[in-house]
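# A closer look at the structure
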Amino acid sequence: MLRLENVFKRYKTGDLALKDVTLEIPDGQVIALIGPSGAGKSTLIRCVNRLVNPTSGKIFLGDTELTSLSSGALRKARRRMGMIFQEYALVERLTVMENVLSGRLGYVGFWASWFRKFPKKDVQEAFRLLDRVGLLHMADKRADELSGGQRQRVGICRALIQNPELLLVDEPTASLDPKTSRQIMRLINELCKERGLAAIINIHDVLLAQMYSQRVVGLKAGELVFDGPPEGLVPEVLTDIYGEEDWEATIEEVDEDDEELLVEEAEVVA
Amino acid sequence: MSEVSAEKKFPDRWKKPPFISNPTLRWLLYVAVAVYFATAFGTMDIDWQRAWEGLPRGAEFLASFFPPSLTDSNGVHVTGTIIDGILDSIWMAILATVAGIVLSVPVGLGAARNLSPMPVYLFCRSIIAVSRTFPEVILAIFAVKLFGFGSFAGLVALSIGTIGFFAKLLAEDIETSSTSQNEAVKVTGANWFQWVNYAIQPQVMPRMIGLAMYRLDINFRESAVVGIVGGGGIGDTLKTSFERYDFSISATILIVIIVIVISLEYSSGYLRKWVQ
Amino acid sequence: MPIIDKPDGPVWKRRKTPVQLLIWFGWMVAIAITVMAWKRIAANDLLWVYMPTAGQQAVDMMQRMIPPNWSYMDKLWKPVWDTLNIATIGSVMAMAIAVPVAFAAARNTTPHKLVRAFALLIIVSTRSVNSLIWALALVFILGPGVLAGTLAIGLRSIGGCSKLLYEAIEEIDHNQVEAIEATGASRLQQMAYGILPQVMPTFAGVGVFRWDINIRQSTILGLVGAGGIGLQLSSSMNTLAWTQVSMILLVILGTVVISETVSAKVRHAII
């Protein structure tokens, strides 16, 4: 369970990015965090694993209070949170396998990681995850040889091999085309279900947010303005979050006929 | 899909693919490198005995940096000598930059393929090649033979070095200048000089001013070196101090050189930004 | 205004008057400095007695250099080999030290501000002193020979390489490092997995680039007794053995051209 209590974040520039955010996410729940650019979505999830330090407030992961951890304890706590990035953030000059294994860095010593000597079960798990996302044959390729969708899948493997309790997902589809976006969102969703993972997914695509989450949280100028089920995103709410716009076209029901696309693409790359 | 993968067996070992995939080639390379270093070290004539004896002297040299001193071992003040040497180097660097640039303009124009006929081009390119290949210090020994000891020889050497540097970059800049601009001016009926003045010059000028600053910077550094082979300037003073084992003076001179080089580098970088 | 209204109609000028004045002023200052510099050098060091004969001497020197003494090559193999070793071992040594110094000097990897200041001091002081000056100092300390030369090349290259390396480290893509940080990796692991792979090609390029420069530099170290082919050059010049001098110059030319080609090829292959 993740709990944020009265979290504030003010950057050195003076911008108040988060204003008194209180939020609780039970185990296994996938929530979508929506809001316009600059609303503080990224800051919020970065505060959770403290890539950004909150100015005040408390964040608990289970019983651990993340906000007061020393750097050693913080590293241990970070192992419990996998993060997936907007621009994939793979280390481009490392192989796919190294990128996946880098998710275990918090568990192995420096020299073991330097010589790429990871425990056998980590290596096995890495292969299993790559197979799960359909990239087993790419293990020895360098990350910069992959397409956007493939890179994001490697990013997902890197986060999952940490064996986390929580996934922090920052705009996973911002650099992808619509079809790949859906595939990636579905994959994240399936994996969360398989493993009973909680996830916070930052996403600016309202449609995808509705399709792939159990709960939607709306953020506007650093403040929580909506918290409810996906069906609750009526035009009035969206206007409140994003501003005036014709929202009827966006909240259309989506048909679920692209199930075979994932399989199709996996065959193409194989 | 997940049910299938749960049953699969996956390898529990993984090795990063090696940098060179062909194993024979890879090992050949390793062996070659090992053999090279072994022979290199084996054939180096190093007098360890002498080096060992020099260590206390090295310590003395390092110690004399803290604090630097302005009197030599006989207690004579050398501030004046150092200032003279530095000024000499500075004047030498300035003059060499000016003379070198003035001379390199015709050479650079001649070495631009889009500007000059083949014989002129080849002639100018060979001037550039020669002056670029040999370090300023080698040019300086010849200049010393011809003009005698002193900063004039250094000046000649640095000027020639400047020609090689500046003319080459100028020629390259001209060769890559915009063809459409060049043609536009040409079709107005301008003669060769008007054409260079109106079409080429505006395109290459800003970068050339920046390079001039940069070269001034290099010339000062080199002016400290040509003195070692008799080309005058602060290098001369420095060498004399070493020959007298006056390490405290050498240390002071080195610090002065470092300070000037750094300030020149910063100011030339700043000026370059300001010009462009 | 570039266009000035005069009683007999507007006159076009290239620049505004104050700008034009400033430019003229700049030129005047530049000319004044040049004249001053010339006076100083001419007064102190220009030995007019050499002037009338310098041209004749140069021609004379050239004539004596031709043809090069080809058989002297037998005695040059060893100095050339020494020169190559000084440059190569010096470069390797310098890179081994330059890499940690660069990590200490880069803003995003330095462990502490004071460490950074110290690393920058190392970079600046080794870089600002030419390798020939280092060689001069080391010859007086350690005695003449290749050891002094190699250390001189190494010392000068530490700063030269470190500067390029730490600039490369500061310019990396921070997202990749952040992703590694988010997995719970330690600072050293973040460097090994997030930063090093990104800067590796630059590191290799810098090493080869430096080696190329060092070949050139090590040809002259012998002039102060620090080993390599410069030694033969200076003794041949002192004994006025001009045909040997021209042979040595040819060898230097060849070495420089070859090293330049090799380094260009290698860098092309890496990047």
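Residues numbered from 1 in each chain as written. Chains lettered and ligands numbered in written order. Predicted model: local features only at pLDDT ≥ 70, side-chain atom pairs only at ≥ 80, totals over all residues. Heavy atoms only, no water.

## Description of the overall build of chain C
Across its full length, chain C carries 10 helices and two strands. In sequence order, the secondary structure elements of chain C are arranged as β-β-α-α-α-α-α-α-α-α-α-α. For 271 residues, the compact-globule estimate of 2.2 N^0.38 gives 18 Å, and the C-alpha radius of gyration of chain C, at 26 Å, exceeds that figure by more than 25%. The principal-axis extents of the C-alpha atoms in chain C amount to approximately 85 × 75 × 35 Å. Excluding contacts between residues fewer than 6 apart, the proportion of contacts in chain C whose partners are at least 24 apart in sequence is 71%. Of the accessible surface of chain C, which amounts to about 13,200 Å², a share of 70% is contributed by carbon and sulfur atoms. (Helix = DSSP H or I, 4+ residues; strand = E, 2+ residues; numbered from the N terminus. Rg over C-alpha atoms; globule rule 2.2 N^0.38 Å. Contact = heavy atoms within 4.5 Å. Areas by Shrake-Rupley, 256 points an atom, 1.4 Å probe, with all protein chains shown as cover.)

## Topic: the pattern of salt bridges
According to the stated counting rule, one finds 31 salt bridges over all chains in the structure shown. A salt bridge links Arg221(B) to Asp217(B), with the shortest nitrogen-to-oxygen separation between them at 3.6 Å. Taken together, the residues Arg221(B) and Asp217(B), both in helix 9 (residues 192-226) and four residues apart, mark about one turn of the helix. Overall, the relative accessible area of 18% leaves Arg221(B) in the buried class. Since its relative accessible area comes to 3%, Asp217(B) is described here as buried. Measuring nitrogen to oxygen at the nearest pair gives 2.9 Å for the salt bridge that ties Glu265(B) to Arg221(B). One end of the pair, Glu265(B), is in helix 11 (residues 247-275); the other, Arg221(B), is in helix 9, and 44 residues separate them in sequence. Take Glu265(B): its relative accessible area is 23%, and that puts it in the partly exposed class. Within this structure, Asp217(B), Arg221(B), Glu265(B) and Arg127(C) form a network of salt bridges that share partners. (Salt bridge = Lys/Arg side-chain N within 4 Å of Asp/Glu carboxyl O. Buried < 20%, exposed > 50% of the residue type's maximum accessible area, 1.4 Å probe, protein only.)

## What to know about the interface of chain B and chain C
Contacts between chain B and chain C engage 60 residues on the former and 60 residues on the latter. The contact between chain B and chain C buries some 5,300 Å² in all, and 76% of this surface belongs to carbon and sulfur atoms. Counting across the interface, chain B meets chain C through one salt bridge. Taking the shortest distance from any N to any O, the salt bridge between Glu265(B) and Arg127(C) comes out at 2.4 Å. Seen at the junction of chain B and chain C, the total is eight residue pairs in polar contact (both at pLDDT 80 or more). Partitioned by chemical class, the residues of the side of chain B that touches chain C number 40 nonpolar, eight polar and 12 charged. (Buried area = accessible area lost by both parts, 1.4 Å probe. Polar contact = N/O pair within 3.5 Å; in protein donor to acceptor, adjacent residues only side chain to side chain. Nonpolar A, V, L, I, M, F, W, Y, C, P; charged D, E, K, R; others polar.)

## Observations regarding the domain arrangement of chain C
In terms of domain boundaries, chain C breaks down into domain 1 (3-51) and domain 2 (70-270). Spacing between the C-alpha centres of domain 1 of chain C and domain 2 of chain C amounts to 41 Å. (Domains from an automatic or database assignment.)

## A word on helix 4 (residues 79-110) of chain B
Side chains of residues three or four places apart in an α-helix project in the same direction, reflecting 3.6 residues per turn. The first and last C-alpha atoms of helix 4 of chain B sit 46 Å apart over 32 residues, in line with the 46 Å expected at 1.5 Å per residue. Along helix 4 of chain B, the sharpest change in direction is near 35° and occurs at Ser104(B); proline Pro106(B) comes one to four residues later. (Expected span 1.5 Å × (residues − 1). Bend = angle between axes of the 7 residues up to and from the residue.)

## Focus: the sheet that holds strand 2 (residues 16-25) of chain A
Residue and element names in this part refer to chain A. Sheet architecture is open: four strands sit in the order 2-1-4-5, paired in antiparallel fashion. In this open sheet, the two edge strands, each paired with only one partner strand, are strand 2 and strand 5 (64-65). Its contacts with the sheet place helix 1 (residues 41-48) against strand 1 (2-10), strand 2 and strand 4 (56-61), and it is angled at close to 60° to strand 2. (Pairing = 2+ DSSP bridges. Axes fitted to C-alpha atoms, helices over the stretch in contact; angles between N-to-C directions.)

## Observations concerning a nonpolar patch on the surface
A cluster of nonpolar side chains, namely Val19(C), Leu21(C), Ile23(C), Trp24(C), Trp27(C), Ile31(C) and Val35(C), defines an oily patch on the protein surface of about 710 Å² accessible area. Note on placement: Val35(C) falls in helix 1 (residues 17-45). (Patch = residues over 30% accessible without salt bridge, like charges linked within 9 Å, V, L, I, M, F, W, Y side chains within 5 Å.)

## Quick notes on the packing of aromatic side chains
Going through the model one piece at a time under the given rule, you end up with 15 aromatic pairs over all chains. A ring pair is formed by Phe110(A) and Trp111(A), whose centres lie 5.0 Å apart and whose planes are at 75°; its orientation type is edge-to-face. Measuring from centroid to centroid gives 5.6 Å for Tyr245(B) and Phe140(C), while their planes differ by 90°, and the two rings are edge-to-face. With Tyr245(B) in the loop between helix 10 (234-243) and helix 11 and Phe140(C) in helix 5 (residues 131-142), this pair bridges two chains. One aromatic cluster is present, built from ring pairs that chain together Phe110(A), Trp111(A), Trp114(A) and Phe115(A). Over the ring of Phe60(A) we find Arg3(A), and its NZ or CZ is 4.6 Å from the ring centre. (Phe/Tyr/Trp six-rings, centres within 6.5 Å; stacked < 30°, edge-to-face > 60°. Lys NZ or Arg CZ within 6 Å of the ring centre and 35° of its normal.)

## What about the sheet that holds strand 8 (residues 198-202) of chain A?
Residue and element names in this part refer to chain A. What the six strands build is an open sheet, ordered 6-7-8-3-9-10; its pairing is mixed. With one partner strand each, in any of the chains shown, strand 6 (81-84) and strand 10 (223-228) form the two edges of the open sheet. Across the sheet, the mean angle separating the axes of adjacent strands is 20° when strand polarity is ignored. One ladder, built from five bridges, connects strand 9 (residues 215-220) with strand 10; its direction is antiparallel. The residue of strand 10 that forms the bridge with Val217 is Asp227. Where helix 6 (residues 148-160) meets the sheet, its contacts fall on strand 6 and strand 7 (166-170), and the angle it forms with strand 6 comes to roughly 170°.

## Let's talk about the interface of chain A and chain B
Contact with chain A, which involves 16 residues of that partner, is made by 13 residues of chain B. Buried area between chain A and chain B, summed over both chains or domains, comes out near 1,500 Å², and the portion from carbon and sulfur atoms is 62%. Here Lys16(B) makes a salt bridge to Glu98(A), at a shortest N to O gap of 2.7 Å. The tally of links between chain A and chain B comes to three residue pairs in polar contact (both at pLDDT 80 or more). Residue contributions to the side of chain A that touches chain B peak at seven residues, all from helix 5 (residues 120-132) of chain A. Here the side of chain A that touches chain B is composed, by residue class, of six nonpolar, two polar and eight charged.

## What to know about a negative patch on the surface
A contiguous patch of negative charge, built from Glu236(A), Glu244(A), Glu245(A), Asp246(A) and Glu248(A), is present on the exposed surface. Within the element layout of this structure, Asp246(A) appears in the loop between helix 9 (235-242) and helix 10 (259-269). (Lys, Arg positive; Asp, Glu negative; His and termini not counted. Charge placed at Lys NZ, Arg CZ, Asp CG, Glu CD.)

## A few points about the packing of helix 5 of chain C against helix 6 (residues 146-170) of chain C
All names here are of chain C. In the contact formed by helix 5 and helix 6, the axes pass within 8 Å of each other and the chain directions differ by 140°. Comparing the axis directions of helix 5 and helix 6 gives the class oblique. The crossing of helix 5 and helix 6 is right-handed. In this structure, helix 5 uses Ser131, Trp134, Ala135, Leu138, Val139 and Leu142 to contact helix 6, whose residues at the interface are Leu147, Ala148, Leu151, Ala152, Ile153, Leu155 and Arg156. Considered class by class, the residues forming the contact of helix 5 with helix 6 number 11 nonpolar, one polar and one charged. (Parallel < 35°, antiparallel > 145°, perpendicular 65-115°, else oblique. Left-handed = near helix turned anticlockwise from the far one by under 90°.)

## Digging into the environment of Thr237(B)
Its location among the elements puts Thr237(B) in helix 10. Sequence-distant contacts of Thr237(B), defined by excluding residues within four places in its chain, comprise Thr81(B), Gly85(B) and Ile253(B).

## Describing the confidence of the model for chain C
Regions with low pLDDT carry predicted coordinates that are not meant to be interpreted in detail. Residues and elements named next belong to chain C. Mean pLDDT over chain C: 86, with 92% of residues reaching 70 or higher. Per-element averaging of pLDDT across chain C places strand 1 (residues 3-6) at the bottom with 66 and helix 3 (residues 77-105) at the top with 93. Per the prediction output, this complex has pTM 0.83; the corresponding ipTM is 0.85. (pLDDT = per-residue confidence, 0-100.)

## Digging into the pairing of strand 9 of chain A
All names here are of chain A. Most of strand 9 is tucked away: five of the six residues are buried. With four bridges connecting them, strand 3 (residues 30-34) and strand 9 associate as parallel partners. From the neighbouring strand, Leu33 faces strand 9, where its bridge partner is Val217. In this antiparallel pair of consecutive strands, strand 9 and strand 10, the connection spans two residues, and Ala221 shows a positive phi of 50°.

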